[in-house]
Amino acid sequence: MHMAKRIVIALGGNALGNNLAEQMIAVKHTAKAIADLVEEGYEIILSHGNGPQVGMINLAMGEVHKSNPDTCVIPMSVCVAMSQGYIGYDLQNAVREELLNRGIQKSVVTLITQVEVDEKDPAFLHPTKPIGRFMTKEEADLLVKKGYSVMEDAGRGYRRVIASPKPIRIVEIETVKALADAGQVVIASGGGGIPVVAHGNHLSGVGAVIDKDFASCEIAKAVHADCLIILTAVEKVAVNFGKSNEKWLDTLSVAEAEKYIAENQFAPGSMLPKVEAATNFARSKEGRYTLITLLEKAKAGIRGETGTRIKL
């Protein structure tokens, strides 16, 4: 067995900012938190979201098609691949620099990662993830005619929605393991991974986005991580959130988490997938645990000083 504790970290959107300029600043801040953990002797595998970034790429590619209809529409799977590349470039650059500034000689690498989904996943029948810009009713109707799914978003206009199927397996997982075993910091499965379906040996991209917390959970199980850290915009998980009997949780057993999920304590699209992924990993093997906390509290969280720790 490996000596160092192996940690998979799922970076939330706030670790990356909302645009290119914000991302450059955010990743420097993120790199410090990552380097703190490397300095403490942990093996690190990073995953990240790509919400604003993939929307921006999708919008840009749509504009190219609009101004030049001869160019083909770029599929969502390709947009995810592009987001993995440029987010990874910024992240690996910042983490490498921060490690070198501390005298740590360690390679940092981004892996373009495909994640297999089931084409019969019921999620394909009920697209829920909003993507791209807000549109007028007229623009939305045009998209629907072209076969896209569209929904009205909280009175702010219409947005395209795409499916969010569950990850089945990380295609490049053996490479992730080999790099981690070689002591490198690996950035993998960015944006939840490029969603693909398998037909024999052939993998074809599908128009979907995979939740990055679920994908991170699959990576963490496959690389035999000791801990999955899901970084988000709050220091701890709460029940009765925003109510007079609100309660912030330090620890949560898998059974308690499942009870709270059944009671609809966590908002879909924000805390719910995080708690579900956290519970899935903690349940997978005795001794494994998940930590949900803020980026800047990750080090303190591993020491047991803050965050919400979920275990069997």
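In this report, the structure presented in the accompanying data block is examined. (Residues numbered from 1 in each chain as written. Predicted model: local features only at pLDDT ≥ 70, side-chain atom pairs only at ≥ 80, totals over all residues. Heavy atoms only, no water.)

Further remarks concern the overall build of the protein. Each helix and strand counted, the protein has 9 helices and 17 strands in total. Relative to its length of 312 residues, the protein is compact, with a C-alpha radius of gyration of 19 Å against a globular reference of 20 Å. Taken along its principal axes, the extent of the C-alpha atoms in the protein is 55 × 50 × 40 Å. Counting across all 312 residues of the protein, residues that qualify as buried make up 50%. Nonlocal contacts in the protein, meaning residues at least 24 apart in sequence, comprise 72% of its contacts between residues at least 6 apart. Of the roughly 14,700 Å² that the protein leaves accessible, carbon and sulfur atoms contribute 54%. For the protein, the centre of its 35 positive side-chain charges and the centre of its 36 negative side-chain charges are spaced 1 Å apart. (Helix = DSSP H or I, 4+ residues; strand = E, 2+ residues; numbered from the N terminus. Rg over C-alpha atoms; globule rule 2.2 N^0.38 Å. Buried < 20%, exposed > 50% of the residue type's maximum accessible area, 1.4 Å probe, protein only. Contact = heavy atoms within 4.5 Å. Areas by Shrake-Rupley, 256 points an atom, 1.4 Å probe, with all protein chains shown as cover. Lys, Arg positive; Asp, Glu negative; His and termini not counted. Charge placed at Lys NZ, Arg CZ, Asp CG, Glu CD.)

The strand order 8-4-10-11 describes an open sheet built from 4 strands, whose pairing is mixed. If you trace the sheet from one side to the other, it starts and ends with strand 8 (169-170) and strand 11 (202-205), each paired once. Bridge count between strand 4 (residues 114-116) and strand 10 (residues 194-199): 3 bridges; the pairing is parallel. By the bridge assignment, Gln114 is partnered in strand 10 with Ile194. (Pairing = 2+ DSSP bridges.)

Right, let's get into the nonpolar core. In this structure, Val8, Ile45, Val176, Ile219, Val223, Phe266 and Ile292 are the most contacted members of the largest nonpolar core, which totals 44 residues. When contributions to this core are tallied by element, the ones reaching two or more residues are strand 1 (6-11), helix 5 (173-181), strand 9 (185-188), helix 6 (212-222), strand 12 (227-231), strand 13 (237-239), helix 7 (254-262) and helix 8 (271-284). When residues no more than four places from it in sequence are discounted, the contact partners of Val223 are Arg6, Val8, Ile45, Ile173, Val176 and Lys177. In this structure, Tyr42, Val80, Val209 and Tyr289 belong to the second largest nonpolar core, which totals 43 residues. (Core = buried A, V, L, I, M, F, W, Y, C linked by side-chain atoms within 4.5 Å.)

Attention now goes to the sheet that holds strand 5 (residues 129-135). A sheet is described by the order of its strands in space; here 3 strands give the open sequence 5-7-6, paired in antiparallel fashion. Only two strands of the sheet have a single partner each, and these edge strands are strand 5 and strand 6 (150-152). Each strand axis lies, on average, 35 degrees off the axis of its neighbour in the sheet, ignoring direction. One ladder, built from 3 bridges, connects strand 6 with strand 7 (residues 158-162); its direction is antiparallel. Following the sheet pairing, Met151 is matched in strand 7 by Arg159. (Axes fitted to C-alpha atoms, helices over the stretch in contact; angles between N-to-C directions.)

Another aspect to go through is the packing of helix 2 (residues 51-67) against helix 3 (residues 76-101). In contact at an axis separation of 9 Å, helix 2 and helix 3 are set at 125 degrees when each is read in the N-to-C sense. When the interaxial angle is binned, helix 2 and helix 3 end up oblique. Of the two possible hands of crossing, helix 2 and helix 3 adopt the one that is right-handed. Residues Gln53, Val54, Met56, Ile57, Asn58 and Met61 of helix 2 touch helix 3, and the partners they reach there are Met76, Cys79, Val80, Met82, Ser83, Tyr86 and Ile87. Residues belonging to the contact of helix 2 with helix 3 are distributed by class as follows: 10 nonpolar, 3 polar and no charged. (Parallel < 35°, antiparallel > 145°, perpendicular 65-115°, else oblique. Left-handed = near helix turned anticlockwise from the far one by under 90°. Nonpolar A, V, L, I, M, F, W, Y, C, P; charged D, E, K, R; others polar.)

Moving on to the environment of Met82. Within the element layout of this structure, Met82 appears in helix 3. Owing to a relative accessible area of 34%, Met82 belongs among the partly exposed residues under this scheme. Met82 sits 72 residues away from Ala154 along the chain, and the two C-alpha atoms are 29 Å apart. Those residues in contact with Met82 that sit more than four places away from it in its chain are Ile57 and Met61.

Take the environment of Val117 next. Tracing the chain through its elements places Val117 in the loop between strand 4 and strand 5. For Val117, a relative accessible area of 2% translates into the label buried. The sequence separation of Val117 and Lys299 amounts to 182 residues, and the corresponding C-alpha distance is 33 Å. Not counting the four nearest positions on each side in its chain, Val117 is found in contact with Phe124, Pro165, Lys166, Pro167, Ile168, Val196, Val197, Val206 and Ile210.

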